[in-house]
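Residue-level structure breakdown
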Amino acid sequence: MSKNKKLSLSGDSTEKFIYKPKDLIWAKMKGFTPWPGMIVEPPLDLLSQQRRANTKCVFFFGSRNFAWIEEHNIKPFEGPWKDELAKVSKPAAFRHAMADIDKYVDNPAEIDGQIDESCGMGNHATEADFDKIRDGLDSDENPDAAADANNGVVPHVVGSPDESDAPPAVVEENNANAGATSPVVTTTPTAKSQAKRTPKAKSSAAVAVSSKQASKAASAKSAAAQKRRISAQQTPTGATSAKRGRRTASGDAEQLESPGAVDYDGASSSSLAARARIETDAFLGTLTKRTPNAIALLDRPVVTRPETQTIDMNSRSNTLADRDITPSDQTFGFLGLGMMGSTIVKDLIYTGHKVVVWNRTIDKCQPFVEAGAEVKDTPMDVVEAADIIFCCVSDPKGAKDLVFGNCGVLQLKDLRNKAYVEMSTIDPDTSMDIGEGIKQCNGRYLEAQIHGSRQEAADGMLIILAGGDRTVFEECHSCFKTIAKNTFFLGTDVGNACKVNLILQTILGVSLVGLAEALALADRFSISLNDIIDIFDLTSMKSPLLLAKGKEMAKGDFNPQQPLSHMQRDLRLVLNMAENLDQSMPVTSITNEVFKHTKRLGYSEHDSSAVFSNFYPDQSLKQDIETISILENLTSSSGLRRMRWASV
């Protein structure tokens, strides 16, 4: 370690030290006292981590772990700092670290060998840890099963306390007694055996080798190099693997009292609890960065998908039966037999309209064939057979594919005397693109946005918001009278109807989230949700829709009337539309995030009232308990199992 003089911008003379590998230093991490360490070359897992400028890789004595430390938090070990910093802290872990560095000064071979072998080996949680999370295994209660879940290889940590107490000869003897099929731990020629973490093949860590391969290793370095080259492979479990299963993930929790690890001897319970909360956050952050798909298992409850509802062609709405409807003589085509489309087609057939249908899943067309509809193989075939074609699909992309895609509407080059009515919930830009394509082929275009639920469609109580060609609107009068209680023509400008529909959906989405949040608070106060709904029904705020959704939330019945995924789609379209206008919509943005999170919980196909599940306190508490239980299993070998988790 060399020292030179450097002048600061203020002109004051300061000392700056240039550190080289193997320099003994004092290093300070945030939240810890200065700790004895050594400048080393970084392991591979540290190289992949983000770090600030002017940092050095430090090996901490005692804990024997690595970290990036900024240079201004590093001081030479020898000199005026030694006497001063050595008096700062005297816990057992600090005394152990001081003894470790004194041992290194007398005999550096052991620690140097450990550092050399640690380069390229992961010091954090691996894929093997998440195999246990996925399979619900507890390494303490079922070590053999834990080893099987990790492809027969149990991860180890450098400096594991269970194995560091035994000399290499003892470990090798135990492996020999385990039999020829038992996994073998190769050891370095040092006073204490340093076992290694063994993640899966895609990890950069070393893997366990068989006993036959270990016996052929000429030296510790060649054995370590051979491990790095061999992919992870499954080995039978035995006595040795069972013992190692109890030490799984011990290194992940040995980072509480010191900057690298912790010695629990002599530590108070209050200090352990405080450090455990800090370490849990850091541990979760490490797991999330390394394996985002595995950590998602922690907070994703199991949700039963709603049953697929079949269309009942024999049922009739009393409201629809009371209407005097004269069916048009024209043939109407219908593309898409989803939740809304199938209900609309059923009503059209019931009122005597001639209908030609197409659907991606041909099986859904069979009930309509039996009721009198005609089925075609492609959207283009429907256009050829019909005078006015309706389209009702789930999103803007699907709507454009039916028009511009292979065997789509525009494959029929001449649409003279044809009209196209877009009923899908789409954004204004998509509607204008479709309208332009239809007009270029001599066709007429009308956007007819439908506002309402599946039950309202069955009762003929939808709201129709139309815009575009007025003649098409008039020709569709009998159809609109069948499915809607009110119809509005918003002008010849294409896009206006889409804008109005999305604005109405924004009001609905924000109202549902507010209702769900309020009912969740009432439930937390142990107030009956039915009482809240009954009182709400007597106020001036009452709304038939909110009352119906509130009752569904109270019962937990999320039978889809308007799928939650469709509501989130509408909010996304609204935000995109507002972004183009630089219009701030903070409440809608938050509402959209709430619906997105509810989709992530597994309620995508449920009714939009399922957003209540995002706030329900029992569900979140259940997730907290499950998360804590998994963390206890991962950190059991380091003593965290004995602690009480404050978050519960």
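Numbers given to residues run from 1 along each chain, matching the order in which its sequence is written. Side-chain atom pairs in this predicted model are given and counted only at pLDDT of 80 or more, local residue features only at pLDDT of at least 70, and totals for whole chains, interfaces and linings cover all residues. Side-chain descriptors were evaluated using all non-hydrogen atoms of the structure, hydrogens and water having been removed beforehand.

Some details on the layout of surface pockets
Each cavity reported here is a set of points on a 1 Å grid over the protein atoms alone in which a 1.4 Å probe fits but cannot get out, each pocket an open set with protein on both sides within 12 Å along at least five of seven lines, and each lining residue one with an atom within 4 Å of a point. Grid points are joined across faces, edges and corners, and a volume is the space filled by probe spheres set on the points. Taken as a whole, the second largest pocket encloses approximately 1200 Å³ of empty space. Forming the walls of the second largest pocket are 47 residues, and the residues nearest its centre are Gly338, Met339, Met340, Lys364 and His566. Residues are grouped as follows: Ala, Val, Leu, Ile, Met, Phe, Trp, Tyr, Cys and Pro are nonpolar; Asp, Glu, Lys and Arg are charged; all remaining types, including Gly, are polar. Broken down by class, the residue content of the lining of the second largest pocket amounts to 15 nonpolar, 23 polar and 9 charged.

Brief notes about the sheet that holds strand S13 (residues 444–451)
Being paired, for any two strands, means DSSP has found at least two bridges between them. Comment: elements are numbered from the N terminus, with helices defined as DSSP H or I runs of at least four residues and strands as E runs of at least two. Sheet architecture is open: 8 strands sit in the order S10-S9-S8-S11-S12-S13-S14-S15, paired in mixed fashion. Since the sheet does not close on itself, it has two edges, and those belong to strand S10 (374–375) and strand S15 (484–489), each with one partner. A contact between two residues is defined here by any heavy atoms of the two lying within 4.5 Å. Only the stretch in contact is used when fitting a helix axis, every axis being a line fitted to C-alpha atoms; angles between N-to-C directions are given from 0 to 180 degrees. Running over the sheet, helix H15 (residues 339–350) touches strand S8 (331–335), strand S9 (354–358), S13 and strand S14 (462–468) and is turned about 155° from S9.

Considering the side chain of Thr482
Within the secondary structure, Thr482 sits in helix H22 (residues 477–483). Within the structure, Thr482 has its side chain in polar contact with the backbone oxygen of Ser478 (distance 2.8 Å). Apart from the residues lying within four places of it in its own chain, the contact partners of Thr482 are Leu320, Arg323, Ile325, Asp347, Leu348, Thr351, His353 and Gly460. Polar contact is the term for a pair of N or O atoms within 3.5 Å; when the atoms are in protein, one must be able to donate a hydrogen and the other to accept it, and sequence-neighboring residues count only if both atoms are side-chain atoms.

Observations regarding the pattern of salt bridges
A side-chain nitrogen of Lys or Arg and a carboxyl oxygen of Asp or Glu constitute a salt bridge if their distance falls within 4 Å. Enumeration according to the criterion identifies 13 salt bridges in this entry. Lys400 serves as the salt-bridge partner of Asp433, at 3.2 Å between the closest nitrogen and oxygen. Note that Asp433 is positioned in helix H19 (residues 428–440) and Lys400 in helix H18 (residues 396–404), a separation of 33 residues in sequence. Judged by its relative accessible area of 36%, Asp433 falls in the partly exposed class. Burial classes follow relative accessibility: with a 1.4 Å probe on protein chains only, a residue under 20% of its type's maximum area counts as buried, one over 50% as exposed, and anything between as partly exposed.

Regarding the packing of aromatic side chains
For this analysis, a ring pair means two rings from Phe, Tyr or Trp (six-membered ring only for Trp) whose centres lie within 6.5 Å, classed as stacked if their planes differ by under 30 degrees, edge-to-face if by over 60, and tilted for the remaining angles. Going through the model one piece at a time under the given rule, you end up with 11 aromatic pairs. Pairing Trp26 with Phe94 gives two aromatic rings, centres 6.4 Å apart and planes at 20°, and the pair type is stacked. Taken together, the positions of Trp26 in strand S3 (residues 24–27) and Phe94 in helix H3 (residues 92–106) put the pair 68 residues apart, joining distant regions of the chain. Exposure class is identical for Trp26 and Phe94. Each is buried. Ring pairing ties together the aromatic residues Trp26, Trp35, Phe77 and Phe94, which thus form one cluster. Counting as a charge over the ring demands two things of the Lys NZ or Arg CZ atom: a distance within 6 Å of the ring centre and an angle within 35 degrees of the ring normal. The residue whose ring lies beneath Arg470 is Phe489, and the NZ or CZ to ring-centre distance is 4.7 Å.

Quick notes on H15
With 12 residues, H15 extends 17 Å from end C-alpha to end C-alpha; this agrees with the ideal 16 Å at 1.5 Å per step. Burial of H15 is extensive: 10 of the 12 residues sit out of reach of the surface. All buried positions along H15 are accounted for by Met340, Gly341, Ser342, Thr343, Ile344, Val345, Lys346, Asp347, Leu348 and Ile349. Two residues or fewer past H15, Gly352 is found with a positive phi of approximately 95°. Expected helix span is computed as 1.5 Å times (number of residues minus one).

Describing the sheet that holds strand S4 (residues 35–39)
Read from one edge to the other, the open sheet built from 5 strands follows the order S6-S5-S4-S3-S7, with strand pairing classed as antiparallel. Single-partner strands in this sheet number two, and they are strand S6 (65–70) and strand S7 (74–76). Mean inter-strand twist for the sheet, computed between neighbouring axes without regard to direction, equals 45°. H3 contacts S3 and S4 of the sheet and is inclined by roughly 35° relative to S4. Against the sheet, helix H4 (residues 109–118) makes contact with S4, strand S5 (55–60) and S6, and its axis sits at roughly 125° relative to S5, the strand it touches most.

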